[in-house]
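# A structural walkthrough
Here is what each chain is made of, one letter per residue.
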Amino acid sequence: MTHDNCIFCKIVAGQIPSAQVYSDDDVVVFKDINPAADLHLLMVPRKHIATLQDCQPEDQALLGKMMLLAPKLAREQGYAFDGDATNIDGNGFRVVMNTGPGGGQEVYHLHMHILAGPRPWKRM
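Throughout what follows, the structure given in this document is the object of discussion. Keep in mind that what you see is a predicted model, and the values were worked out from it rather than measured.

## Some points on the packing of aromatic side chains
Tallied over the entire structure, the rule returns one aromatic pair. Ring geometry for Phe8 and Phe30: centres 5.8 Å apart, planes at 70°, overall edge-to-face. Taken as a pair, Phe8 in helix 1 (residues 7-12) and Phe30 in strand 2 (residues 27-31) lie far apart in primary sequence, 22 residues in all. Residue classification places Phe8 among the buried positions, given a relative accessible area of 6%.

## Side note on the sheet that holds strand 5 (residues 112-116)
The strands making up a sheet are joined through hydrogen bonds of the backbone, oriented either antiparallel or parallel. On the basis of which strands lie adjacent, the open sheet formed by five strands has the order 1-2-3-5-4 and antiparallel pairing. With partners counted over all chains shown, the strands left at the sheet margins are strand 1 (20-23) and strand 4 (94-96), one partner each. Each strand of the sheet is rotated relative to its neighbour by a mean of 20°, with strand direction disregarded. Each of strand 1, strand 2, strand 3 (39-45), strand 4 and strand 5 is contacted by helix 2 (residues 60-76), which is oriented at about 155° to strand 3, the strand it contacts most.

What counts, and at which threshold
- Residues numbered from 1 in each chain as written.
- Predicted model: local features only at pLDDT ≥ 70, side-chain atom pairs only at ≥ 80, totals over all residues.
- Heavy atoms only, no water.
- Phe/Tyr/Trp six-rings, centres within 6.5 Å; stacked < 30°, edge-to-face > 60°.
- Helix = DSSP H or I, 4+ residues; strand = E, 2+ residues; numbered from the N terminus.
- Buried < 20%, exposed > 50% of the residue type's maximum accessible area, 1.4 Å probe, protein only.
- Pairing = 2+ DSSP bridges.
- Axes fitted to C-alpha atoms, helices over the stretch in contact; angles between N-to-C directions.
- Contact = heavy atoms within 4.5 Å.

Below, the structure written as structure tokens:
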């Protein structure tokens, strides 16, 4: 997929509507239209990077920001981990970045899935 026909680039640009929950100068976060869990957000950088493997040293700050933003968003959506390791339903979240076809990547624009809720979650 190239930048011109990338669905996530079009969502970031506002050409395709999305249910946004967060946006800033670096990322856009919206609800997945085919959720695999009760909470299923997609965090997409505004910068088009095809895969995690394509990230460069200059993307380190962006990746770190994404990792720190995920728990904040999970907390805001009611899925923070409260420290009780015996309660698996609704207590915590999962962060996934698929890379390449063997890794399950379907859209070739770097993105992070934030999932939470009662398990089992659907396969992504």
